[in-house]
Amino acid sequence: MVKYTEAEPYSSPLSTNASDGRFAKWSKGEQSGLGHGVSPDELREANLKYEVKFGFRFLTSATGRTGEAIYEELLRRSERTRELEVRLSEL
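Overview of the structure.

Calculation notes
- Residues numbered from 1 in each chain as written.
- Predicted model: local features only at pLDDT ≥ 70, side-chain atom pairs only at ≥ 80, totals over all residues.
- Heavy atoms only, no water.
- Axes fitted to C-alpha atoms, helices over the stretch in contact; angles between N-to-C directions.
- Helix = DSSP H or I, 4+ residues; strand = E, 2+ residues; numbered from the N terminus.
- Parallel < 35°, antiparallel > 145°, perpendicular 65-115°, else oblique.
- Left-handed = near helix turned anticlockwise from the far one by under 90°.
- Contact = heavy atoms within 4.5 Å.
- Core = buried A, V, L, I, M, F, W, Y, C linked by side-chain atoms within 4.5 Å.
- Buried < 20%, exposed > 50% of the residue type's maximum accessible area, 1.4 Å probe, protein only.
- Salt bridge = Lys/Arg side-chain N within 4 Å of Asp/Glu carboxyl O.

Here's the deal with the packing of helix 2 (residues 40-54) against helix 3 (residues 67-78)
The description of two helices packed together rests on the angle between their axes and the distance between the axes. Close contact between helix 2 and helix 3 brings their axes to 10 Å; oriented N to C, the two are set at 30 degrees. Relative to helix 3, the element helix 2 lies roughly parallel. As for how helix 2 packs across helix 3, the hand of that crossing is left-handed. Residue-level inspection shows E42, L43, A46, N47, Y50, K53 and F54 of helix 2 in contact with helix 3, the latter providing Y71, L74, L75, R77 and S78.

Here you go:
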């Protein structure tokens, strides 16, 4: 398990710079259905607020989930303290 620390920023084991493009293609497919029911501006604003508050980006699995469900999770998690969000992300 990779753990996030302020001293050592998280680095994905699945590099977005993969030369064969498999990760980028998978990620794009996973996120392709997120816009339904949630405007891009709403999602962008909520993501920015999350990143500003916590100092890192909101990450979750989008596979098989609706845009509304992910947006609701983003809003719910945004209510947490930074300490709680980091602690729960390590589980």
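Things to note about the nonpolar core
With 11 residues, the main nonpolar core is built from V38, A46, Y50, F54, F56, F58, A62, I70, Y71, L74 and V86. Sorting the residues of this core by element identifies helix 2 and helix 3 as the ones contributing at least two each.

A few points about the pattern of salt bridges
When the charged atoms of two side chains lie near each other, side chains of opposite charge can form a pair. Summed over all chains, the structure comprises seven salt bridges. For the salt bridge of R77 with E85, the shortest nitrogen-to-oxygen distance reads 2.6 Å. Each of R65, E73, R77, R80 and E85 takes part in a single network of salt bridges with overlapping partners.

Honestly, that's just the spatial picture; any functional story needs more than this.
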